[in-house]
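Letter by letter, the chains look like this.
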Amino acid sequence: MSTWLIKNGRVLDPANGIDTVADVLLLDGKIAAVGPNLTASNAQIFDATGMVVAPGFVDMHVHFREPGFEHSESIESGGKAAAAGGFTSVACMPNTMPVNDSATVTTYIVERARRLSPVNVYPIGAITKGSAGEELAAIGSMKQAGIVAISDDGRPVMNARVMRRAMETAKSFGLPLINHCEDLHLSAGGDMHEGFESVRLGLRGIPGCSEDVMVARDILLAEVTGAQYHVAHISARHSVAMVHFAKQRGLRVTSEVTPHHFALADIDMPPYDSNYRMKPPLRGCIDVEAVTEGLINGAIDAIATDHAPHPGSEKMQEFERCPFGITGLEHAISLSLEKLVHPGLIPLGRMVELLTVNPARILNIPKGTLTPGADADVTIFDLDRKWKFDVNKSLSKSRNTPFHGHEFCGGQVATMVGGRFVWRLDGLNLD
Amino acid sequence: MSLLGIEDLGRPEIEAILTRAKDFQASTAKYDTLKNRLLVNLFFENSTRTRTSFEIAAKRLGADTISITASASSTSKGESLVDTLNTLGAMRPHAIVMRHAASGAPHFLARYLPTPIINAGDGTHEHPTQALLDARTILDNRPSLEGLRVAIIGDIAHSRVARSNVHLLSKFGAHVVLCGPASLLPAQLAQLAPNVTLTYNIREAIQDADVIMMLRVQLERQHETPFPPGDYFKFYGLRLEHLQHAKPNVIVMHPGPINRGREISSEVADSNRSVILNQVENGIAVRMAVLERVMGASQQ
């Protein structure tokens, strides 16, 4: 295995409190050393002068659609898109066909990923069989097969008693429970955030309270059960406040936000453009402010893309018939820089923390640091390169993003997994 | 040039259509303005008056028309909306009149099709020609829209007629009072345009009204029971005794189809205050003006 020496980058490793210009030596797939003026015989050199060298980014919320929907995305194509986005590890949601609710499906995903994905893929198992919200899935067996969390993402458990039992089960196996919070009765039939825009456009609303009531319920259940509980793609202001409150009470409650939920509000949608249709929906400006504040004050722990590929045929329909979700892997870093770091809302170190050590800790995976001995997963990005996102060059199989043609300032330069480059902007040194 | 909604239409454009419509009123003469032009009426939702009205309007202007209803079209065979429209577009009509149950369906298509689209009602969004014919009808009874008090009563939440009327009336300085139970009257409607107020009380809405516009409860768009059905007529149905609170020369309008005994009593619907049939009549004149504008301009 080759030896790489990454020279003269700004090494940012929040887990170890490091933010300094230094070299990083990668040896035999592991981080060998971090420090100034490192040398190593027969090491290949990557000159990172002017760039940021960070632990490999972790996206704890993606949909790779395999098995079952490989026309939208596969573990291979999704893994390539992740690498191109600067991510070295992803956690994939179980809403495949069949649903990942058994050790068999988990094993299939783990094996496919091992053979085909350039990045680490961690499966998330279903909470209930078929994610139908009724009978608990084989959570323990799936844990043995490799899941790192449970979730019925997209089809939230509506029955509070089932959710309580799920939390107790998750706790027994040391797994976090991740919930897509949406009271399905309150959101039923909704197309976009309920507010002035939905009323003006004559589209049915998904009220912020449909998220809030389930976050409230779950936090109360997390307190009763002592489970580790995580709110997926938080979007509504009262939900952020409640997670903040839960943390102050010392509960094991965390949350993530997607780049699009801090980058866009409902008013940003061109009329009836299905590339702006997702769940939770783009919220009001006051909610965007609240999630941004949550990123600043710590109510929100992680940035996750909720990468949700859909083929063009499904997005080329009447707005209300289009499926929910957008792709997100390839512009997550740039959006975080544009909306959070460049305007000075959070320091760069905080952004890296939100994309590395924090999600790794929530999922309890040994990732997200440059500690010597750790896996040599490294994300290298810059802060000032001007570039334009062209969705037609995306490595995802799908094209459903509102950021086509968007001009960014700063973004990923290279991605290393296990000491090997899996993606480089300059296309060099790829196997 | 498509006509997708009133919201983005300027006052001069609206005035031009209303003035031109006056020329077409009270005459059933045939013109050859749109001779050799083809109009496709594409209705994905049931409609009697709007479809017929567009068809008659087109024929009076000398256009060829073909009307397609969704049940008879390829959509029932699984063809997507874009493919259906592209197929029709390839037959080179000069305009497509479209009604669809999905809000924004014509806006979505207008992005991909070169053919001008006239929105004949999209979901719960807009119904621009209805608002135009309503304005024509009001102006047949009043010198101007400026300063009029117009009460729109009923299922506002699901009404494309209400939205288009709010935009149009507000642009011309009328005061619009929207009335219905809270579940059918989202508070955000008050910001839809200037001079719009909301009330849950029908008496308050009707007080000193110049125009009362009644709306049907759109059961087909509701996915629940947002108001006790048995109470609806009692609290939101227009009856003769209400009219005494309005201006003496108040006019009562309804876009149809009317449900007697649900949102309006027969006595009111058939009273001399009702201009419901004038609205239907004006529909043809207004749609002639719209077709002339859309189909004439596109072929210069």
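Residues numbered from 1 in each chain as written. Chains lettered and ligands numbered in written order. Predicted model: local features only at pLDDT ≥ 70, side-chain atom pairs only at ≥ 80, totals over all residues.

### As for the domain arrangement of chain B
All names here are of chain B.
Here's step 1: Parsing chain B into structural domains produces domain 1 (11-126 + 280-297) and domain 2 (128-277).
Here's step 2: Between the C-alpha centres of domain 1 and domain 2 there is a distance of 25 Å.
Here's step 3: It is helix α11 (residues 276-297) that provides the largest number of residues to the side of domain 1 that touches domain 2, a total of eight residues.
Here's step 4: Residue classes in the side of domain 1 that touches domain 2 are distributed as nine nonpolar, seven polar and six charged. (Domains from an automatic or database assignment. Helix = DSSP H or I, 4+ residues; strand = E, 2+ residues; numbered from the N terminus. Nonpolar A, V, L, I, M, F, W, Y, C, P; charged D, E, K, R; others polar.)

### Overview of the environment of Leu-4 of chain B
Residue and element names in this part refer to chain B.
Here's step 1: Examined against the element boundaries, Leu-4 turns out to sit in the segment before α1 (11-24).
Here's step 2: Between the alpha carbons of Leu-4 and Gly-121 there is a distance of 8.9 Å; along the sequence they are 117 residues apart.
Here's step 3: Residue contacts for Leu-4: discarding those within four places in its chain leaves Pro-106, His-107, Ala-110, Ile-117 and Asn-119. (Contact = placed C-beta atoms within 7 Å.)

### Here we look at the sheet that holds strand β1 (residues 38-43) of chain B
All names here are of chain B.
Here's step 1: Reading across the sheet, the four strands line up as β2-β1-β3-β4 and stay open at both edges, with parallel pairing between neighbours. Unpaired on one side and paired on the other, β2 (64-69) and β4 (117-122) mark the two borders of the sheet. Each strand of the sheet is rotated relative to its neighbour by a mean of 10°, with strand direction disregarded. (Pairing = 2+ DSSP bridges. Axes fitted to C-alpha atoms, helices over the stretch in contact; angles between N-to-C directions.)

### Focus on helix α6 (residues 160-171) of chain B
Residue and element names in this part refer to chain B.
Here's step 1: For α6, built from twelve residues, the straight-helix expectation of 16 Å at 1.5 Å per residue is met to within 8% by its first-to-last C-alpha distance of 17 Å.
Here's step 2: The buried count for α6 comes to eleven of twelve residues, which makes it a mostly enclosed element.
Here's step 3: Within the span of α6, buried status applies to Arg-160, Val-161, Ala-162, Arg-163, Ser-164, Asn-165, Val-166, His-167, Leu-168, Leu-169 and Lys-171.
Here's step 4: Once α6 ends, the next one or two residues include Gly-173, with phi positive near 85°. (Expected span 1.5 Å × (residues − 1). Buried ≥ 20, exposed ≤ 12 C-beta atoms within 10 Å, placed from the backbone.)

### Comments concerning the nonpolar core
Here's step 1: Counting residues in hydrophobic clusters, the biggest one holds 119 residues, and the most contacted among them are Val-24, Val-53, Ala-91, Ile-150 and Leu-177 of chain A.
Here's step 2: Each of domain 1 (4-53 + 375-424) and domain 2 (56-363) of chain A gives at least three residues to this core.
Here's step 3: Residues contacting Leu-177 of chain A, with those up to four places away along its chain left out, are Ile-127, Ile-150, Ala-166, Met-167, Ala-170, Ala-227, Gln-228, Tyr-229 and His-230 of chain A.
Here's step 4: Listed in part, the 98 residues of the second largest apolar core include Ala-102, Leu-169, Ala-209 and Ile-284 of chain B. (Core = buried A, V, L, I, M, F, W, Y, C linked by C-beta atoms within 7 Å.)

### Digging into the domain arrangement of chain A
All names here are of chain A.
Here's step 1: Along its sequence, chain A is carved into domain 1 (4-53 + 375-424) and domain 2 (56-363).
Here's step 2: Here domain 1 and domain 2 have C-alpha centroids that lie 25 Å from each other.
Here's step 3: Contacts between the two partners involve 30 residues from domain 1, matched on the other side by 42 residues from domain 2.
Here's step 4: Looking at the side of domain 1 that touches domain 2, the element that brings in the most residues is strand β16 (residues 407-417), giving eight residues.
Here's step 5: Counted by class, the side of domain 1 that touches domain 2 contains 16 nonpolar, ten polar and four charged residues.

### Description of the pairing of β16 of chain A
Residues and elements named next belong to chain A.
Here's step 1: Among the eleven residues of β16, eight are classified as buried, and the element is accordingly described as predominantly covered.
Here's step 2: Relative to strand β17 (residues 420-424), β16 runs antiparallel, the two being bridged by four bridges. Counted as the bridge partner of Met-416 is Phe-421 from β17.

### A few points about the interface of chain B and chain A
Here's step 1: Opposite the 20 residues of chain B that make contact, chain A presents 17 residues.
Here's step 2: Within the residue set of the side of chain B that touches chain A, elements represented by two or more residues are α3 (81-90), α4 (105-110) and α6 of chain B.
Here's step 3: By residue number, the principal contributor to the side of chain B that touches chain A is α4 of chain B, which donates three residues.
Here's step 4: When its residues are assigned to classes, the side of chain B that touches chain A shows eight nonpolar, ten polar and two charged.

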